[in-house]
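# Chains, contacts and geometry: an overview
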Amino acid sequence: MFGLGTRNIGIDLGTANTLVYMDGKDIVLREPSVVAKNTQTGEVIAVGSEARDMIGRTPGNIVAIRPMKDGVIADYDTTAAMLKYFIEKTIGHSSSKPFVMVCVPSGVTEVEKRAVIDATKVAGARDAYVIEEPFAAAIGAGLPVMDPTGSMVVDIGGGTTDVATISLGGIVSSRSIRMAGDKFDDAIISYIRQNSNLLIGERTAEQIKLAIASASPERAKEVESMSVRGRDLVTGLPKTVDIKASDIAEAIKEIVTAIIDAIKETLEETSPEIAADVIDHGIVLTGGGALLKHLPEVISDATKVPVFIAQDPLDCVAVGTGESLKNIEVMKKN
């Protein structure tokens, strides 16, 4: 706990992970967006890392769920309970409620925005505001968002990939597609099931993604294979197989292509002046998906624009959401 004096907080409410930024303290909490509940009583058993460790290992009456799906709230009550836990863990049981800034994907509807605001208030916020994810990512990446110059950011999270060009403090053109980290995991699970008759879980798929997945089947051939354990679909018994990096690259190729298409479409919508700025300054990648091997090279080859990974790509959205707290006084008056 961080004492009784309440500060405003910014929350990167992600499909896979939630990060909390406290005004004047930087990022103070980083937990998986997972809740373990008793299905009979509805009681919350665990939240965050403790709940994630239960995925795939719970008895029949306990289920570990991710209440966020594709960047938006899929289970309202569970999301509110999760937010309440994170807010209390950040500020302690303070009588003074914080103002909270929460990021949302750029493509969400007004109804989805309202659900986030309401859930945050139910969780203990005095008031809540939203900021679009790519704008927060651009602030966190240190891009000159308020200047009369075009910047382009691609935020690849767990549920959504948000692409935006930004100039003069606003989003000029954007795309939000539900093709991101979770879809990489799903594609890996599906590929291994179809080609090796092996059933693996989400956590194993994520480990494969982090270890050997590549955005380029050609470049992936340089990387060796890894041993993967799961359940044999024929015998039902545990089994270990070797999976090649080039095979995993083929498995996720369709998702990489969808992300590149979203980037191209966003660029096609921008003015020639902003397009010229993007060519000069390059495209900046943020989010966990930015760490996919060879992704900058593949995007650069497809768009003919330089591509860079932001410093601390996993933290950019949270830092940008937190930085935007400096303008919260303006929002309070609106």
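Residues numbered from 1 in each chain as written. Predicted model: local features only at pLDDT ≥ 70, side-chain atom pairs only at ≥ 80, totals over all residues. Heavy atoms only, no water.

The name given to the chain in an unreviewed UniProt entry is Cell shape-determining protein MreB, with Latilactobacillus sakei subsp. sakei as the source organism. Per UniProt, the chain has the following entry under Function (unreviewed entry): "Forms membrane-associated dynamic filaments that are essential for cell shape determination. Acts by regulating cell wall synthesis and cell elongation, and thus cell shape. A feedback loop between cell geometry and MreB localization may maintain elongated cell shape by targeting cell wall growth to regions of negative cell wall curvature." Turning to the chain, the UniProt annotation filed under Sequence similarities (unreviewed entry) states: "Belongs to the FtsA/MreB family." (UniProt positions renumbered as here; feature names shortened; annotations may be inferred.)

## Quick notes on the domain arrangement of the chain
Interface extent is often summarised as the accessible area lost during association of the parts. Looking at the assigned domains, one finds that the chain contains domain 1 (9-135 + 316-328), domain 2 (143-179 + 254-311) and domain 3 (181-251). Placing a centre on the C-alpha atoms of domain 1 and another on those of domain 3 gives a separation of 30 Å. Counting from both sides, the interface comprises 6 residues of domain 1 and, opposite them, 4 residues of domain 3. Between domain 1 and domain 3 lies a buried interface of about 440 Å² when both sides are counted; carbon and sulfur atoms form 29% of it. Considering only the surface of domain 1 that becomes buried against domain 3, Arg 52, Ile 55 and Arg 66 emerge as the three largest contributors, covering 60% of it. Summed over the shared surface of domain 1 and domain 3, the result is 4 salt bridges. Measuring nitrogen to oxygen at the nearest pair gives 3.5 Å for the salt bridge that ties Arg 203 to Asp 53. Inspection of the region where domain 1 meets domain 3 yields 1 residue pair in polar contact (both at pLDDT 80 or more). (Domains from an automatic or database assignment. Contact = heavy atoms within 4.5 Å. Buried area = accessible area lost by both parts, 1.4 Å probe. Salt bridge = Lys/Arg side-chain N within 4 Å of Asp/Glu carboxyl O. Polar contact = N/O pair within 3.5 Å; in protein donor to acceptor, adjacent residues only side chain to side chain.)

## Remarks on the sheet that holds strand β17 (residues 283-286)
The 5 strands are arranged β13-β12-β11-β17-β18 in an open sheet whose pairing can be described as mixed. Two strands lie at the open edges of the sheet, namely β13 (170-177) and β18 (307-309), each paired on one side alone. In this sheet, neighbouring strand axes are inclined to one another by 20° on average, regardless of whether the strands run parallel or antiparallel. Relative to β18, β17 is paired through 3 bridges, and the arrangement is parallel. Among the inter-strand pairings, Val 284 is bridged to a residue of β18, identified as Phe 308. Where helix α9 (residues 253-269) meets the sheet, it contacts β11 (151-156), β12 (161-167), β13 and β17, and its direction lies at approximately 155° from that of β13. (Pairing = 2+ DSSP bridges. Helix = DSSP H or I, 4+ residues; strand = E, 2+ residues; numbered from the N terminus. Axes fitted to C-alpha atoms, helices over the stretch in contact; angles between N-to-C directions.)

## Quick look at unusual backbone geometry
Residue His 294 is not a glycine yet carries a positive backbone phi of 65°. Looking at His 294, the relative accessible area reads 16%, which means it is buried. The backbone phi angle of Asp 312 is positive, close to 50°, even though this residue is not glycine. Within the secondary structure layout, Asp 312 lies in the loop between β18 and α12 (316-323). (Buried < 20%, exposed > 50% of the residue type's maximum accessible area, 1.4 Å probe, protein only.)

## Observations regarding the packing of helix α5 (residues 181-196) against α9
Running from amino to carboxyl end, α5 crosses α9 at an angle of 155°, the nearest separation of the two axes being 9 Å. Regarding the angle of α5 to α9, the classification is roughly antiparallel. Contacts from Lys 183, Phe 184 and Ala 187 of α5 reach α9 at Ile 255, Val 256 and Ile 259. Its residues assigned to classes, the contact of α5 with α9 comprises 5 nonpolar, no polar and 1 charged. (Parallel < 35°, antiparallel > 145°, perpendicular 65-115°, else oblique. Nonpolar A, V, L, I, M, F, W, Y, C, P; charged D, E, K, R; others polar.)

## Considering the pattern of salt bridges
For the coordinates displayed, the defined rule picks out 17 salt bridges. Salt-bridge contacts for Arg 175 lead to Glu 269; the nearest nitrogen and oxygen are separated by 2.8 Å. With a gap of 94 residues between them, Arg 175 in strand β13 and Glu 269 in helix α9 connect regions that are remote in the sequence. Residue Glu 323 is joined to Lys 326 by a salt bridge in which the shortest nitrogen-to-oxygen separation is 2.7 Å.

## Considering a nonpolar patch on the surface
Judged by side-chain polarity, Leu 291, Ile 309 and Leu 314 come together as a nonpolar surface patch covering roughly 270 Å² of accessible area. Structurally, Leu 291 is set in the loop between β17 and α11 (295-303). (Patch = residues over 30% accessible without salt bridge, like charges linked within 9 Å, V, L, I, M, F, W, Y side chains within 5 Å. Areas by Shrake-Rupley, 256 points an atom, 1.4 Å probe, with all protein chains shown as cover.)

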